[in-house]
Amino acid sequence: MVNLNKMRSPSYGYKLEKVGTNVAKKVKIGYAANQPANGTVFSSTGGFYWSDGGYETSVSFSVGYGVFSMSVSPGKTGASGKWVTSPYLNTPVKLLISKNITVTKYNK
């Protein structure tokens, strides 16, 4: 008969070591939500209030470690948030969001 109290499963320890960090700069995420399909026309100086969050979209990008795919939110326009000035007058514009994404590689 086997005494189950004396049987032990092996124990493992892991240590993560940071190998390096790369930044994918200006990865195009997509158009911010809450914009007219045909864009917005500013007849005088204008722009958008933008805030992060909302629906997520999948993006792929490449850094020194390879190609990655992840879900990121392009955010939304609204009545508050960060002000983004439109560079154009009398021309339809849409707010396209790009983000810097940091990828950190670890070894076990």
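Residues numbered from 1 in each chain as written. Predicted model: local features only at pLDDT ≥ 70, side-chain atom pairs only at ≥ 80, totals over all residues. Heavy atoms only, no water.

Along the protein chain, the regular secondary structure elements total 0 helices and 7 strands. For the protein chain, the N- to C-terminal ordering of α and β elements is β-β-β-β-β-β-β. Taking 108 residues into account, the globule formula puts the C-alpha radius of gyration at 13 Å, and the protein chain, at 23 Å, lies well above it. Projected onto its principal axes, the C-alpha positions of the protein chain cover 85 × 30 × 20 Å. (Helix = DSSP H or I, 4+ residues; strand = E, 2+ residues; numbered from the N terminus. Rg over C-alpha atoms; globule rule 2.2 N^0.38 Å.)

On to the nonpolar core. As a rule of thumb, soluble globular proteins bury nonpolar side chains together. Counting 16 residues, the largest nonpolar core has Val 27, Ile 29, Val 59, Phe 61, Leu 95 and Ile 97 as its most contacted members. Within the residue set of this core, elements represented by two or more residues are strand S1 (17-31), strand S2 (47-51), strand S3 (57-63) and strand S7 (96-107). (Core = buried A, V, L, I, M, F, W, Y, C linked by side-chain atoms within 4.5 Å. Buried < 20%, exposed > 50% of the residue type's maximum accessible area, 1.4 Å probe, protein only.)

Its location among the elements puts Thr 40 in the loop between S1 and S2. With residues near it in sequence (within four places) discarded, Thr 40 still touches Phe 48, Thr 91, Pro 92 and Val 93. (Contact = heavy atoms within 4.5 Å.)

Looking now at the sheet that holds strand S6 (residues 82-85). The 3 strands lie next to each other as S5-S2-S6, forming an open sheet whose pairing is antiparallel. If you trace the sheet from one side to the other, it starts and ends with strand S5 (76-78) and S6, each paired once. Strand after strand, the sheet turns through a mean of 45° between neighbouring axes, direction not considered. Summarising the sheet, S2 and S5 pair through 3 bridges and their orientation is antiparallel. Note on S5: the bridge partner recorded for Ser 51 is Lys 76. (Pairing = 2+ DSSP bridges. Axes fitted to C-alpha atoms, helices over the stretch in contact; angles between N-to-C directions.)

Right, let's get into the pattern of salt bridges. Close approach of charged atoms allows side chains with opposite charge to pair. All chains considered together, the criterion is met by 1 salt bridge. Between Lys 99 and Asp 52 there is a salt bridge, with its nearest N and O atoms 3.0 Å apart. Note that Lys 99 is positioned in strand S7 and Asp 52 in the loop between S2 and S3, a separation of 47 residues in sequence. By relative accessible area, Lys 99 is classed as buried at 18%. (Salt bridge = Lys/Arg side-chain N within 4 Å of Asp/Glu carboxyl O.)

Quick look at the environment of Val 27 now. With respect to the element layout, Val 27 can be found in strand S1. The class for Val 27 is buried, based on a relative accessible area of 8%. Separated by 40 residues in sequence, Val 27 and Val 67 place their C-alpha atoms 12 Å apart. Sequence-distant contacts of Val 27, that is, excluding residues within four places in its chain, are made with Val 59, Phe 61, Ile 97, Ser 98, Lys 99 and Ile 101.

Relative to the assigned elements, Ile 101 resides in strand S7. By relative accessible area, Ile 101 is classed as buried at 10%. Spatially, the C-alpha atoms of Ile 101 and Lys 82 are 19 Å apart, while their sequence positions differ by 19 residues. Once residues lying within four places of it in the same chain are set aside, the contact partners of Ile 101 are Asn 22, Val 23, Ala 24, Val 27, Phe 61, Met 70 and Val 72.

Note that every value here comes from positions in space, so none of it alone points to a role or purpose.
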